[in-house]
Amino acid sequence: MLSGPRAVPGSDRGLCGSAGLPRPDFDAKKKRKVAEIYRALNSDPIDVAALRRMAISEGGLLTDEIRWKVWPKLLSVNTDDLPPLPGKELREDNKDYQQVLLDVRRSLRRFPPGMPDDQREGLQEELIDIILHVLKRNPQLHYYQGYHDIVVTFLLVVGPRLATALVEKLSTHHLRDFMDSTMDNTKHILNYLMPIIDQVNPEVHDFMQSAEVGTIFALSWLITWFGHVLSDFRHVVRLYDFFLACHPLMPIYFAAVIVLHRKQEVLDCECDMASVHHLLSQIPQDLPYESLISKAGDLFVQFPPSELAKKAAEAAQAERTAASTFKDFELASVQQRPDTVLRQRFRERLRGEERLRGEERTKSILTKPRTNRFVKLAVMGLTVALGAAALAVVKSALEWAPKFELQIFP
């Protein structure tokens, strides 16, 4: 019998209240959203498109009890057929065991403050077993430092048995590129960061290029889904709601909006690699998360990965990535790579003219009417190769918004 979610202090507080809404309005809004989530869960078939929309929209999935029920639906995991709990025998003669052990022992800050030592130590043991179980069952996957930051989030929210199933599905899809034997595909994904920034604010893009800061400052953000760099667990699970409901490249769009949110800090910085890297690698903890999530969604709709990749005129044969399992990325992934965008885009611009153009473009992008934006994000997120059921949900999502035209589907 599958038990419910494990209680984590402070993790069930929704984020809608952070927008400064009066408590009665917030409570009513939350109740309506909870009712809509359960309506989607209880429909036959389950309305996964609506669940994705709820995960993306303000406040996300609100509580860990709801996440325990919805996250498996977002990943197409059958909770009636879960694998048994991993056993300690996985540790024998395992090439990754020592590295996993070291990383997990250093993960104290990922557990809620005030958690008793014996409870935390028990969770750390479960964390080790989950990681080794996934790696054992999927020898094509390679452990990387930071992977445990993602796994511990699932462990804290849903417990070890369900976490094992969710993490395995996530590792073979959304996280697949990070788990190759080399970092080539991870670098490939990082290469989307600068083209996104360039589309919105060319001045910031050119400044960062002149400073030669690169994108390594965002590496830990990307490969841990921000779990390693955010101290408040509520913010971490809110982002996980968002990322689970979307395209695998959504974390890089969120990274871009963080940089754009700090544009004035960037432009006021000394234009050298060390200064800009130091600034950007220190992620603020008081970010306006709901606003940034909304803007990341806007940018994904405005500049989908396929459009960014098409800017590469001299493209080489691209490796197959997790993102290439999505319809809007298929053509680009066959023969285009976004790193050539950076080479082509490094050019001189008249600073004053481009500043004005950048401001106008930013205003146009971020104030564009958002009708059906969440529908589009939800539908885009459904085309991951999780089986025929995903395509059926795409159809139901389009029926849910019949006037909406999604051009990425044939």
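The structure this text deals with has already been given above.
Residues numbered from 1 in each chain as written. Predicted model: local features only at pLDDT ≥ 70, side-chain atom pairs only at ≥ 80, totals over all residues. Heavy atoms only, no water.

Caption draft 1: Representation of the environment of D149 within the structure. Turning to its location among the elements, D149 is positioned in helix α6 (residues 147–158). In this structure D149 touches R110, T224, H228 and Y240, once residues within four positions along its chain are discounted. (Helix = DSSP H or I, 4+ residues; strand = E, 2+ residues; numbered from the N terminus. Contact = heavy atoms within 4.5 Å.)

Caption draft 2: How the structure looks around the packing of helix α3 (residues 64–74) against helix α12 (residues 233–244). Interhelical geometry of α3 versus α12 gives an angle of 25 degrees and a closest axis separation of 11 Å. Classified by the angle between their axes, α3 and α12 sit roughly parallel to one another. Crossing of α3 against α12: the hand is left-handed. From α3, D64, R67, W71 and L74 reach across to α12, where they touch F233, V237, R238, Y240, D241 and L244. (Axes fitted to C-alpha atoms, helices over the stretch in contact; angles between N-to-C directions. Parallel < 35°, antiparallel > 145°, perpendicular 65-115°, else oblique. Left-handed = near helix turned anticlockwise from the far one by under 90°.)

Caption draft 3: Summary view of unusual backbone geometry. Of note, the bond from D44 into P45 is cis; its omega dihedral lies within 30 degrees of zero at 0 degrees. Of note, P45 is situated in the loop between α1 (23–42) and α2 (48–56).

Caption draft 4: Layout of the side chain of E290. Tracing the backbone shows E290 in helix α16 (residues 289–302). Judged by relative accessible area, which is 17%, E290 ranks as buried. At a separation of 3.1 Å, a polar atom in the side chain of E290 contacts the main-chain amide nitrogen of G59. (Buried < 20%, exposed > 50% of the residue type's maximum accessible area, 1.4 Å probe, protein only. Polar contact = N/O pair within 3.5 Å; in protein donor to acceptor, adjacent residues only side chain to side chain.)

Caption draft 5: Highlighting the packing of α6 against helix α7 (residues 160–171). At their nearest, the axes of α6 and α7 sit 8 Å apart, and the two run at 140 degrees to each other. Put simply, α6 runs oblique to α7. Note that α6 runs across α7; the crossing there is right-handed. From α6, Y147, I150, V151, F154, L155 and V158 reach across to α7, where they touch P160, L162, A163, L166, V167, L170 and S171.

Caption draft 6: Summary view of the pattern of salt bridges. Taken as a whole, this structure holds 16 salt bridges when the rule is applied. One salt bridge in this structure joins E125 and R91, with 2.7 Å as the shortest N-O distance. One end of the pair, E125, is in helix α5 (residues 117–137); the other, R91, is in the loop between α3 and α4 (97–105), and 34 residues separate them in sequence. Since its relative accessible area comes to 32%, E125 is described here as partly exposed. Connected through salt bridges with shared partners, the residues D64, R67 and D241 form a single ionic network. (Salt bridge = Lys/Arg side-chain N within 4 Å of Asp/Glu carboxyl O.)

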